[in-house]
Amino acid sequence: MKKSLPLVFLATLFPAYATTVQNLAAVPGAIQHPEGKQIFAEQMAGETPAKGFGELPEGLDVAQWIAWVAPNEDAKNLILSGAKAWGKDGKYIGVACFADNQVAAEQAKKYADNDCPENYSNGRANKLYLGVFSWQNQQLQPLARSEKPLNQLSAWNKAAEKESNDESVKPLAYYTKLDLAPYRIAPETLAFGVRGGYSEAYSGGGAFYEVLELYTIKDSKIINVFSSLVYQYQDIAGDWNKDGTRQHDISESKYILKLRSAKTQGFYDLERVDLQDKSSHIFRWSESLQQYVP
């Protein structure tokens, strides 16, 4: 008997918004949310995504950066690196994405568009490392790092690898950007987000799922404290028209994350709200798991 995953890990079975358009050209106008519009622009129009991981601060050498953030990785296997300023005092959050070998890294750099792409040997994201550091007076001051790649840390990936009744739940196949909204999950604890996703290909269409992971610093280590689906988009090709074009069934669901005033064990409760029907689910801190649970 298959096990069911907690709600935090389930893709929405009944999308909140759905419509049918008469042909592919009408699809962009039917998409409601910017995430879906961006997906369509990248997949259908060949638009290059923005650099969601930013750039290393001027003067910080790539070799120096990866020697600290991922000391056990071979520099020849690097796909990309980047960083974004975080808060005050010259703090940054940086990333380094590695393939399994140099050949795979070179191939990924040819086709990856500013993200940490899929590792086609295992169907999940390549190895993405996180580091929080200070950069002042041209000096790197390490503060915390993930030590292991994110595809080994995320609660989403761990749950997605278990048996599930929902066939659409999969490990993340790529990481796309840092999300540095002020996720102050406790009075003295500021988390930051990393967004990633996975996709499914259909005949004449496809589905894309975006997941938000929150990370925070604990004892000079970066830990995953929350993972949830925040957007999904499906395009299912339908009936053929007399002119040779094809109808498309478009559906979307989008969720936002709110921090509530109520606390559990010192951490603010989180509320995931469906923008379409305003339904919501509450997540509370588990001290034993050191992460949020539904």
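Scroll up for the structure.
Now for a quick tour of the structure.

Conventions we followed
Residues numbered from 1 in each chain as written. Predicted model: local features only at pLDDT ≥ 70, side-chain atom pairs only at ≥ 80, totals over all residues. Heavy atoms only, no water. Helix = DSSP H or I, 4+ residues; strand = E, 2+ residues; numbered from the N terminus. Rg over C-alpha atoms; globule rule 2.2 N^0.38 Å. Buried < 20%, exposed > 50% of the residue type's maximum accessible area, 1.4 Å probe, protein only. Contact = heavy atoms within 4.5 Å. Areas by Shrake-Rupley, 256 points an atom, 1.4 Å probe, with all protein chains shown as cover. Lys, Arg positive; Asp, Glu negative; His and termini not counted. Charge placed at Lys NZ, Arg CZ, Asp CG, Glu CD. Pairing = 2+ DSSP bridges. Phe/Tyr/Trp six-rings, centres within 6.5 Å; stacked < 30°, edge-to-face > 60°. Lys NZ or Arg CZ within 6 Å of the ring centre and 35° of its normal. Salt bridge = Lys/Arg side-chain N within 4 Å of Asp/Glu carboxyl O. Disulfide = S-S within 2.5 Å. Polar contact = N/O pair within 3.5 Å; in protein donor to acceptor, adjacent residues only side chain to side chain.

**Remarks on the overall build of the protein**
Right, so step 1: For the protein, the helix and strand inventory stands at six helices and 15 strands.
Right, so step 2: Relative to its length of 294 residues, the protein is compact, with a C-alpha radius of gyration of 20 Å against a globular reference of 19 Å.
Right, so step 3: Along the three orthogonal principal directions, the C-alpha set of the protein runs to about 65 × 45 × 40 Å.
Right, so step 4: Looking at the 294 residues of the protein, the share that counts as buried comes to 50%.
Right, so step 5: Considering only contacts within the protein whose residues lie at least 6 apart along the sequence, 58% involve residues at least 24 apart.
Right, so step 6: A total of about 14600 Å² of accessible surface is found on the protein, and carbon and sulfur atoms cover 49% of it.
Right, so step 7: Within the protein, one finds 31 positive and 35 negative side-chain charges whose respective centroids are separated by 5 Å.

**So, the pairing of strand S3 (residues 91-98)**
Right, so step 1: Within S3, seven of the eight residues are buried, which leaves it mostly tucked inside the rest of the structure.
Right, so step 2: Of the strand pairs in this sheet, strand S2 (residues 78-85) and S3 are connected by seven bridges, and their pairing is antiparallel. Bridge pairing links Ser81 to Ala96 in S3.
Right, so step 3: From the end of S2 to the start of S3, which pair antiparallel, there are five residues, and Gly87 there has a positive phi angle of about 70°.

**Thoughts on the packing of aromatic side chains**
Right, so step 1: In the structure shown here, the tally under the stated rule is 13 aromatic pairs.
Right, so step 2: Between Tyr92 and Phe133 the ring centres are 5.5 Å apart and the planes differ by 10°, which places this aromatic pair in the stacked class. Linking Tyr92 in strand S3 with Phe133 in strand S6 (residues 127-136), this pair joins segments that are 41 residues apart in sequence. In this pair, the class of Tyr92 matches that of Phe133, namely buried.
Right, so step 3: Judged by centre distance (6.4 Å) and plane angle (85°), the ring pair of Phe226 and Tyr292 falls under edge-to-face. Within this pair, whereas Phe226 is found in strand S11 (residues 221-240), its partner Tyr292 is found in strand S15 (residues 291-293), the two being separated by 66 residues in sequence. Residue Phe226 shares its accessibility class with Tyr292, and that shared class is buried.
Right, so step 4: Chaining the aromatic ring pairs together yields one cluster made of Phe226, Phe267, Phe283, Trp285 and Tyr292.
Right, so step 5: Cation over ring: Arg272 sits above Tyr255, and NZ or CZ is 3.9 Å from the ring centre.

**Some details on the pattern of salt bridges**
Right, so step 1: As enumerated under the stated definition, the model contains eleven salt bridges in all.
Right, so step 2: We note a salt bridge from Lys127 to Glu73, for which the minimum N-O separation is 3.3 Å. On the criterion of sequence distance, the pair formed by Lys127 in strand S6 and Glu73 in the loop between helix H3 (62-69) and S2 is long-range, its members being 54 residues apart. Of the two residues, Lys127 and Glu73, neither departs from the other in class, the shared state being buried.
Right, so step 3: Residue Glu271 is joined to Arg260 by a salt bridge in which the shortest nitrogen-to-oxygen separation is 3.4 Å.

**Considering the state of the cysteines**
Right, so step 1: One pass over the full model with this rule turns up one disulfide.
Right, so step 2: Disulfide partner of Cys97: Cys116, at an S-S distance of 2.1 Å. Looking along the S-S bond of the Cys97-Cys116 disulfide, the torsion reads about 75°, which is the right-handed sense. In this pair, Cys97 sits in strand S3 while Cys116 sits in the loop between helix H4 (102-111) and strand S4 (118-119), placing the two residues 19 residues apart along the sequence. Just as Cys97 is buried, Cys116 falls in that class too.

**What to know about the side chain of Glu213**
Right, so step 1: As for its position among the elements, Glu213 is in strand S10 (residues 205-218).
Right, so step 2: The side chain of Glu213 sits in the buried core without any salt bridge; Arg124 is the nearest counter-charge, 8.4 Å away.
Right, so step 3: Here the side chain of Glu213 touches Tyr215 through a polar contact of 2.4 Å, side chain to side chain.
Right, so step 4: Ignoring sequence-local partners within four residues, the contact set of Glu213 consists of Leu150, Ser154, Trp156, Leu172, Tyr175, Phe192, Gly193, Val194, Asn224, Phe226 and Ser227.

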